[in-house]
Amino acid sequence: MPDPKDPSRIVTTTTTTTFSMAKDMARSICQRFLEARFIESADGKLQPIYTMKGSVWQLTPKGISILDRFCSRNGIQQKQVAELIGSSLPQLVSLERDGQSDKLLTDRGTIEVIFRRFIGAHGLNVKTSVSAADSDSLNDYKDGLTGVKMAAERKINGRTFKDTFTGKAATDWLMDCSTTVDRRETIEIASLFVEYELMESVQQDRAHMAQNPGHNLFQPTKHAIYQVTAKGRDLLNGAASRGRPSESEGTSASKAVGIARDSNTQRLDKILNDPALRLLFRENLRETHCEENLSFYIDVDEFVRQCRQATRAATKNPNNAASLDGIKEIMAQAYGIYNAFLAPGSPCELNIDHQLRNNLATRMTKAVGQDVTMIDTLHEVTALFEDAQNAVFKLMASDSVPKFLRSPKYEQTLKNYDFDAITPATHTPGRVPERSQSRSNRK
């Protein structure tokens with residue numbers, strides 16, 4: 001944090017947090033780590049139950065990737081962590097979640113993006129034997145780009161089917177190669193693969209269906225067999241319909257008063273309003289080492305929304321202790337965003353104007369009252385955050401969007417979105433279009 005007496009100096013405070021918990025609680029948490037595929041048995045064998053004695057555990061490639069993101073976000077730079085992470089990390093599919101319910105966003109576009117990676121970024125992952133395709137090996141998906149294991153040929157009821165995979169293989173891939181944390185989430189995604197006719201059942205596991213009536217579309221077992229449909233192959237080959245509209249077409253994304261409505265601004269609008277495009281855009285930003293821009297933009301969106309709710313409640317009931325507690329929580333969020341992205345030397349420091357950075361440092365190092373005056377402070381902080389958000393939006397539109405659209409990696413997928421048809425919007429001089437108005441000016 002900047003020194004309150006001299007903002008040019010940085011004051012570093014180190015906080016050590018320790019946890020104390022009962023053995024049963026510790027065992028339960030480790031079991032959740034195991035189920036989320038953050039840890040695995042060091043002997044390379046599948047171990048579904050966490051045991052405290054007689055076993056040695058290690059981080060999975062997915063667990064290492066999650067640890068790397070946590071350390072990057074929080075500025076943790078320990079030698080032992082760096083040695084553990086190494087130079088190569090799996091390319092997990094980073095799934096977005098609802099800010100209120102924490103449920104996965106599973107719009108059709110996002111499901112199609114996941115399916116492309118599920119089948120294989122570099123082609124089908126076909127094994128010559130059924131036993132190899134159905135094995136429980138823990139080392140199949142280390143890079144995050146290898147597709148689900150398929151059997152070249154599989155005989156079922158006297159018929160031979162090509163390129164088939166089990167329901168268990170599907171859920172294993174989704175657990176290993178995406179940010180899912182629960183098997184139920186993988187079943188939800190795989191069921192949508194079937195619902196959207198991207199894959200189909202060759203053999204159902206009727207015994208499992210009898211015990212789990214909700215699993216009619218997809219069964220996560222070795223006895224349930226699936227194959228990619230013609231529609232799924234068309235999606236992989238880029239034969240899907242072009243010009244698919246964004247999921248939230250017409251909602252506001254670029255918000256700052258004064259942002260010119262050029263074509264890249266509108267393209268970024270389209271990306272930010274479509275969960276599937278956001279997923280790919282974030283992946284591209286991570287590869288170009290500027291993911292913090294999108295993270296900050298989305299975090300500020302959520303902060304502003306929660307801030308409005310809290311200040312509205314506190315204004316209606318200024319003497320209500322619960323309302324003031326809500327304001328304090330929002331203020332704590334503001335400091336969290338500032339310390340992560342905006343403070344000098346922060347772990348995800350953004351490239352913003354020097355004067356704006358100084359204004360933020362001055363405001364954030366001022367004393368904050370413990371009464372209704374916090375509402376005025378929050379209004380000031382929100383205005384500065386939105387200024388920084390607008391600066392980041394301009395940077396992403398001018399620099400990151402062109403790079404994303406030119407990337408060969410996403411060329412096939414982006415053909416489904418009619419970016420070429422976007423042209424600079426025209427509007428009456430002196431009048432700001434509705435979609436570029438600041439949220440702070442709209443209720």
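Quick note: structure is the one above.
Residues numbered from 1 in each chain as written. Predicted model: local features only at pLDDT ≥ 70, side-chain atom pairs only at ≥ 80, totals over all residues. Heavy atoms only, no water.

Q: Give a detailed account of the pattern of salt bridges, specifying residues and quantitative values.
A: Applying the stated rule across the entire model yields 25 salt bridges. Glu35 is the salt-bridge partner of Arg32, the closest N and O atoms lying 3.9 Å from each other. Of the two residues, Arg32 and Glu35 are both situated in helix α1 (residues 23–35); the distance of three residues between them amounts to about one turn of the helix. Look at Glu35 and you get partly exposed, because its relative accessible area is 37%. (Salt bridge = Lys/Arg side-chain N within 4 Å of Asp/Glu carboxyl O. Helix = DSSP H or I, 4+ residues; strand = E, 2+ residues; numbered from the N terminus. Buried < 20%, exposed > 50% of the residue type's maximum accessible area, 1.4 Å probe, protein only.)

Q: Can you explain the environment of Asp107? Please cite residues and give values.
A: Its place among the elements puts Asp107 in the loop between α3 (79–85) and α4 (108–119). Sequence spacing of Asp107 and Pro275 is 168 residues, and the spatial spacing of their C-alpha atoms is 7.4 Å. Within the structure, Asp107 has its side chain in polar contact with the backbone nitrogen of Gly109 (distance 3.2 Å). Here the side chain of Asp107 touches Thr110 through a polar contact of 2.6 Å, side chain to side chain. (Polar contact = N/O pair within 3.5 Å; in protein donor to acceptor, adjacent residues only side chain to side chain.)

Q: Talk me through the packing of helix α11 (residues 275–287) against helix α15 (residues 373–406); I want residue IDs and the actual numbers.
A: The interhelical angle for the contact between α11 and α15, taken along N-to-C directions, is 95 degrees, at an axis separation of 10 Å. Taken together, the axes of α11 and α15 lie roughly perpendicular to each other. Contacts from Leu277, Leu280, Phe281, Asn284 and Leu285 in α11 reach Met396, Ser400, Val401, Lys403 and Phe404 in α15. (Axes fitted to C-alpha atoms, helices over the stretch in contact; angles between N-to-C directions. Parallel < 35°, antiparallel > 145°, perpendicular 65-115°, else oblique. Contact = heavy atoms within 4.5 Å.)

Q: Go over the sheet that holds strand β8 (residues 199–203), please, and point to the residues and values.
A: Read across the sheet, five strands follow the order β5-β6-β7-β9-β8 without closing on themselves; strand pairing throughout is mixed. Whereas interior strands pair on both sides, the edge strands pair on one side only; in this sheet they are β5 (125–127) and β8. The mean inter-strand angle of the sheet, taken between neighbouring strand axes irrespective of direction, is 50 degrees. Relative to strand β9 (residues 225–228), strand β7 (residues 159–166) is paired through three bridges, and the arrangement is antiparallel. Counted as the bridge partner of Thr166 is Ile225 from β9. (Pairing = 2+ DSSP bridges.)

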